[in-house]
Amino acid sequence: MRPLPPAHLRSRRGYRSHLRRRPNLLPPPGPRPLSAHWTLPRPAPPRGGKRPALPRPLPRPLRFARGGAAVTRVPPHTRWRPALPPLPSGRGHSQDGAAPLLLGLRRPAAAALPARVRSAGRTVTKMEAEGARAPPPFWAGGPAPGQAYSHGTAAGLPLTQTTTPMVTGTSVLGVRFEGGVMLAADMMGSYGSLARFRNISRLLRVNDSTVLGASGDYADFQYLAQIIDQMVIDEELLGDGHSYSPKAIHSWLTRVMYNRRSKINPLWNTVVIGGYYNGESFLGYVDMLGVAYEAPTLATGYGAFLAQPLMREVLEKKPTLTKEEARSLIERCMKILYYRDARSFNRYEIAIATEKGVEVEGPLTLEANWDIANLVSGFE
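Residues numbered from 1 in each chain as written. Predicted model: local features only at pLDDT ≥ 70, side-chain atom pairs only at ≥ 80, totals over all residues. Heavy atoms only, no water.

Visitor: Explanation requested: the pairing of strand β7 (residues 172-177) in the structure shown.
Guide: On any regular strand, side chains alternate: one points to one face of the sheet, the next to the other face. With 5 of its 6 residues buried, β7 lies for the most part within the structure. Strand direction decides the pairing type here: β7 and strand β8 (residues 180-186), joined by 6 bridges, are antiparallel. Residue L173 lies in a different strand from β8, and its bridge partner there is A184. Between β7 and β8, which follow one another and run antiparallel, lie 2 residues, and G179 among them has a positive phi close to 95°. Here 3 bridges tie β7 to strand β16 (residues 297-299), and the two strands are oriented antiparallel to one another. Within the sheet, the bridge partner assigned to G174 lies in β16 and is L298. (Buried < 20%, exposed > 50% of the residue type's maximum accessible area, 1.4 Å probe, protein only. Helix = DSSP H or I, 4+ residues; strand = E, 2+ residues; numbered from the N terminus. Pairing = 2+ DSSP bridges.)

Visitor: Sorry, what's going on with the packing of helix α5 (residues 303-317) against helix α6 (residues 323-340) here?
Guide: The angle between the axes and the distance between the axes are what describe a pair of packed helices. Running from N to C, α5 and α6 point in directions that differ by 150°, and their axes come no closer than 10 Å. Our classification of the angle between α5 and α6 gives roughly antiparallel. Considering the relative orientation of α5 and α6, their crossing is right-handed. In contact with G303, L306, A307, L310, M311 and V314 of α5, α6 contributes L329, R332, C333, I336, L337 and R340. Residue classes in the contact of α5 with α6 are distributed as 9 nonpolar, 1 polar and 2 charged. (Axes fitted to C-alpha atoms, helices over the stretch in contact; angles between N-to-C directions. Parallel < 35°, antiparallel > 145°, perpendicular 65-115°, else oblique. Left-handed = near helix turned anticlockwise from the far one by under 90°. Contact = heavy atoms within 4.5 Å. Nonpolar A, V, L, I, M, F, W, Y, C, P; charged D, E, K, R; others polar.)

Visitor: Quick question: what am I supposed to make of the packing of aromatic side chains here?
Guide: In this description, an aromatic ring pair is defined by two values, namely the gap between the centres and the angle between the planes. Under the counting rule described, the total for this entry stands at 6 aromatic pairs. Ring centres of Y218 and F221 lie 5.7 Å apart, and the angle between their planes is 45°; on these two criteria the pair is classed as tilted. Taken together, the residues span about one helical turn, with Y218 and F221 both in helix α3 (residues 218-238) at a distance of 3 residues. No difference in accessibility class separates Y218 from F221, as the two residues are buried. Ring geometry for Y339 and W370: centres 5.1 Å apart, planes at 85°, overall edge-to-face. Of this pair, Y339 sits in helix α6 while W370 sits in the segment after β18 (357-365), placing them 31 residues apart in sequence. (Phe/Tyr/Trp six-rings, centres within 6.5 Å; stacked < 30°, edge-to-face > 60°.)

Visitor: Explain the side chain of S245 here, please?
Guide: In this fold, S245 is placed in the loop between α3 and α4 (246-262). Among the residues examined, S245 registers a relative accessible area of 15% and is labelled buried. The residues contacting S245, other than those within four sequence positions of it, are T210 and Y277.

Visitor: Quick question: what am I supposed to make of α3 here?
Guide: Residues three or four positions apart in an α-helix share a direction because the helix packs 3.6 residues into each turn. Given a rise of 1.5 Å per residue, 21 residues ought to cover 30 Å, and the 31 Å separating the end C-alpha atoms of α3 matches this to within 8%. Those residues of α3 that sit buried are Y218, D220, F221, L224, A225, I228, M231, V232 and E235. Each buried residue of α3 lies within a common arc of 140° when the element is viewed along its axis, so the set occupies one face. Exposed residues lying more than 90 degrees from the buried face of α3 are Q226 and L237. Next to the buried residues of α3 lie β6 (167-169), β11 (203-205), β12 (210-217), α4 and β13 (269-277). The N-capping residue of α3, defined by a side-chain oxygen 3.2 Å from the backbone nitrogen of D220, is D217. (Expected span 1.5 Å × (residues − 1). Arc of directions from axis to C-beta. Polar contact = N/O pair within 3.5 Å; in protein donor to acceptor, adjacent residues only side chain to side chain.)

Visitor: Could you clarify how one ought to interpret the pattern of salt bridges in this entry?
Guide: When their charged atoms lie close together, side chains carrying opposite charge are able to pair. Throughout the structure, instances matching the rule amount to 6 salt bridges. Among the ionic pairs, E331 bridges to R327, the shortest N-O distance being 3.5 Å. One end of the pair is E331 and the other is R327, both in helix α6 and 4 residues apart, which spans about a single turn. With a relative accessible area of 30%, E331 lands in the partly exposed category. E361 is the salt-bridge partner of R327, the closest N and O atoms lying 2.7 Å from each other. Taken together, the residues R327 in helix α6 and E361 in strand β18 connect sequence positions 34 residues apart. You can call R327 partly exposed: its relative accessible area is 23%. (Salt bridge = Lys/Arg side-chain N within 4 Å of Asp/Glu carboxyl O.)

Below, the structure is given as structure tokens:
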């Protein structure tokens, strides 16, 4: 006995509501197809015989009218793929738009090409393999549309850049006095919070008129020192009587720092340049972004918060200092930094640039008094 349908389908109203609850049973929305199948031409019957049986019609694409052009779509339920001739220009429609656009039909397997082909040591794109003209690169030596590109990567070498400083140095102080400039920096190289190296020099004598000191990453400072030393050697080999002035080194450093910053690979340093040239004292500042200025007193690192206010206070009372007053002020600021800055050290160097030349003194040792430490509470 044939089973009865479910109760909700026994009436016409229930069957309609059933269709509404199951929208996949409803006819698809959109334009109604012109013909669901292309019928095969019926062959003429032979004389005195029966008409032969027609073969089973193959599923054909659905034809829609879209924008005045015929569009053909293959039904998703079929796997039939007709053998199509190669399309003009490798596209789905002719240039004049007369042939229909075929969506979902595969091209012959012989015409399929990989997206990129290796040829003669370089990558050939699919457009080049098919004979089409590849688009030009965005800039000289840069990538073309659709190609990968890595900024700052040399051929066959990994991308290397300073993202976090490793061994660092803290404050550098600079004071301009009558007849010269004085710079000071301690000799501590900190590996994070570890006092790893205690005898490294962060002052560089460039020539007889220029000296510089750097805080920040010590490896980047060594890299700068190598370049500057080679520049000075090349300049002396010319034998024309000229040498780099403090302003020239300061200007060159601003370009170097800004150039490396623009490549997203900065030199992680803050540099203080001092010198005495043509009867003028010079004291300049350059940071890792290329920001540069000149001032009578300068300090980097933690010294910008602790030592700079003290030096400015002294210069406000007496704008022109003697060499002895400048040295006394530098020693006082270095002692305060040793007390307050956890990355500082009591061993330091002093560089003095005058008309007689550049002299670097050190290592010197600060005489500190820690008797007051017993009065400090709250940090046990």
